[in-house]
Amino acid sequence: MPNLNRIFLTKFIIFLFAFIQSFNCQANISKLQKADSLFSTKNYQEAMLVYEELLNNEESFSPAMLLKMAFISEGKGDYSSASFFLAKYYDQNPNQRVITKIKTLTEQVNLIGYDLDDSDRLFKFITDFQTELSSTFSFLLFLSLILLFVFRTKADKPRYYLPTAVLIILVFVINNFLSEPKTGIVTGSPTLIMDQPTAGGKLIEVVEPGHRVIIKSTKDVWYEVTWGEKVAYVKKDNITRL
């Protein structure tokens with residue numbers, strides 16, 4: 001017989017975890033509403049403090065919140081922070097107007113890392129609906145397993161198992177390999193783009209803040225990044241993660 005105490009304890013832990021998550025979510029919404037209220041009454045400094053707490057301490061934000069933070073930072077003359085918030089917004093909602101605004105703030109016409117091709121847009125669309133896709137394919141997998149069990153006497157050929165095998169692969173890939181790339185924005189001035197993770201490497205380019213990079217990995221004090229179509233290295237001090 002199953003251990004009733006163990007079953008009860010498991011269910012209690014699951015319930016407690018869900019309750020805590022729900023409480024934290026409600027707290028974040030309450031803080032965001034408070035900050036938005038302060039913003040609407042033009043208490044920008046107070047609103048910014050709450051926004052920063054949500055973003056930095058609780059890693060919670062909304063696209064609208066990032067735009068408001070960019071607006072406040074620009075109003076204070078902190079163009080670097082404004083560019084950072086806009087670049088983070090761009091990661092969520094790629095938009096040509098955002099690129100134009102970042103170019104204005106950084107006073108740079110040619111910024112690297114903001115161009116998205118059709119494959120990038122398709123990948124982003126898929127990752128945005130990762131949870132929905134995973135749930136759908138998991139349900140179809142569960143259904144296919146039931147059908148195989150019900151009609152197991154008739155499913156005597158490999159082709160009957162092919163849909164189930166494909167669904168297993170899809171669920172595995174979506175849950176383990178489908179994730180948005182890690183990105184960052186150049187904030188150091190000037191920033192050296194190198195071809196090797198060493199000061200003795202070949203200098204590729206010297207740039208000013210505002211450029212967006214895809215972070216591939218870390219090597220000591222360096223980030224390995226995608227620079228145009230090249231693999232390059234930038235010191236971590238010159239990159240702020242988005």
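Residues numbered from 1 in each chain as written. Predicted model: local features only at pLDDT ≥ 70, side-chain atom pairs only at ≥ 80, totals over all residues. Heavy atoms only, no water.

Chemist: When you look at the packing of aromatic side chains in this model, what are you seeing that I'm missing?
Modeler: By convention here, two paired aromatic rings are described through the distance between centres and the angle between planes. Considering all chains together, one arrives at five aromatic pairs under this definition. Where Tyr-90 meets Tyr-114, the ring centres are 5.3 Å apart and the plane angle is 75 degrees; that geometry is what we call edge-to-face. On the criterion of sequence distance, the pair formed by Tyr-90 in helix α4 (residues 79-92) and Tyr-114 in the loop between α5 (96-106) and α6 (118-128) is long-range, its members being 24 residues apart. In terms of burial, Tyr-90 and Tyr-114 fall into one category: buried. (Phe/Tyr/Trp six-rings, centres within 6.5 Å; stacked < 30°, edge-to-face > 60°. Helix = DSSP H or I, 4+ residues; strand = E, 2+ residues; numbered from the N terminus. Buried < 20%, exposed > 50% of the residue type's maximum accessible area, 1.4 Å probe, protein only.)

Chemist: Sorry if this is basic, but what is going on with the nonpolar core here?
Modeler: Looking at soluble globular proteins, one finds that nonpolar side chains tend to be buried together. Counting residues in each nonpolar core, the largest one holds 29 residues, and the members touching the most others are Tyr-51, Met-69, Phe-85, Ile-102 and Tyr-114. When residues of this core are traced back to their parent elements, those giving at least two are α1 (4-40), α2 (44-57), α3 (63-75), α4 and α5. In terms of residues, this core owes the most to one element, α4, which gives seven residues. Those residues in contact with Tyr-114 that sit more than four places away from it in its chain are Ala-87, Tyr-90, Ile-99, Ile-102, Ile-185, Gly-210, His-211 and Arg-212. Of all hydrophobic cores here, the second largest spans eleven residues; its members include Trp-227, Ala-232, Val-234 and Ile-239. (Core = buried A, V, L, I, M, F, W, Y, C linked by side-chain atoms within 4.5 Å. Contact = heavy atoms within 4.5 Å.)

Chemist: Got a minute to help me understand the pattern of salt bridges in this structure?
Modeler: Working definition: two side chains of opposite charge can pair if their charged atoms are close together. The full count for this structure, using the stated rule, is four salt bridges. Among the ionic pairs, Glu-53 bridges to Lys-31, the shortest N-O distance being 3.0 Å. Residue Glu-53 is located in helix α2, and its partner Lys-31 is located in helix α1; the two are separated by 22 residues in the primary sequence. Judged by relative accessible area, which is 33%, Glu-53 ranks as partly exposed. Lys-31 sits in the partly exposed class, given a relative accessible area of 24%. Between Asp-91 and Arg-212 there is a salt bridge, with the nearest N and O atoms lying 2.8 Å from each other. Taken together, the residues Asp-91 in helix α4 and Arg-212 in strand β4 (residues 212-219) connect sequence positions 121 residues apart. Exposure class is identical for Asp-91 and Arg-212. Each is buried. (Salt bridge = Lys/Arg side-chain N within 4 Å of Asp/Glu carboxyl O.)

Chemist: What is the right way to look at the layout of surface pockets in this model?
Modeler: Empty space among the atoms can be located by rolling a probe the size of a water molecule over them. In this structure, the largest pocket encloses a volume near 650 Å³. Lining the largest pocket are 28 residues, and of these Asp-91, Pro-181, Thr-183, Arg-212 and Ile-214 sit closest to its centre. Elements represented by at least two residues in the lining of the largest pocket include exactly α4, α6, β1 (182-186), β4 and β5 (222-227). Split into classes, the residues belonging to the lining of the largest pocket amount to 13 nonpolar, five polar and ten charged. (1 Å grid on protein atoms, 1.4 Å probe; cavity = no way out; pocket = protein on both sides within 12 Å on 5 of 7 lines; lining within 4 Å. Points joined across faces, edges and corners; volume = space filled by probe spheres on them. Nonpolar A, V, L, I, M, F, W, Y, C, P; charged D, E, K, R; others polar.)

Chemist: I would appreciate a short explanation of a nonpolar patch on the surface in the present structure.
Modeler: A contiguous nonpolar patch, built from Phe-139, Leu-140, Phe-142, Leu-143, Ile-146, Leu-147, Phe-149, Val-150 and Phe-151 and spanning about 880 Å² of accessible area, is present on the exposed surface. For Ile-146, the position within the fold is in helix α7 (residues 130-150). (Patch = residues over 30% accessible without salt bridge, like charges linked within 9 Å, V, L, I, M, F, W, Y side chains within 5 Å. Areas by Shrake-Rupley, 256 points an atom, 1.4 Å probe, with all protein chains shown as cover.)

Chemist: I tried to follow the packing of α2 against α3 on my own but got confused; where do I start?
Modeler: If you want to describe how two helices pack, look at the angle between their axes and the distance between the axes. Contact geometry of α2 with α3 gives a least axis separation of 10 Å together with a crossing angle of 130 degrees. The orientation of α2 with respect to α3, classified from their angle, is oblique. Between α2 and α3 lies a crossing of left-handed hand. Each of Tyr-44, Met-48, Tyr-51, Glu-52, Leu-54 and Leu-55 in α2 lies in contact with α3, whose residues at this interface are Met-65, Lys-68, Met-69, Phe-71, Ile-72 and Ser-73. Among the residues forming the contact of α2 with α3, the class breakdown is nine nonpolar, one polar and two charged. (Axes fitted to C-alpha atoms, helices over the stretch in contact; angles between N-to-C directions. Parallel < 35°, antiparallel > 145°, perpendicular 65-115°, else oblique. Left-handed = near helix turned anticlockwise from the far one by under 90°.)

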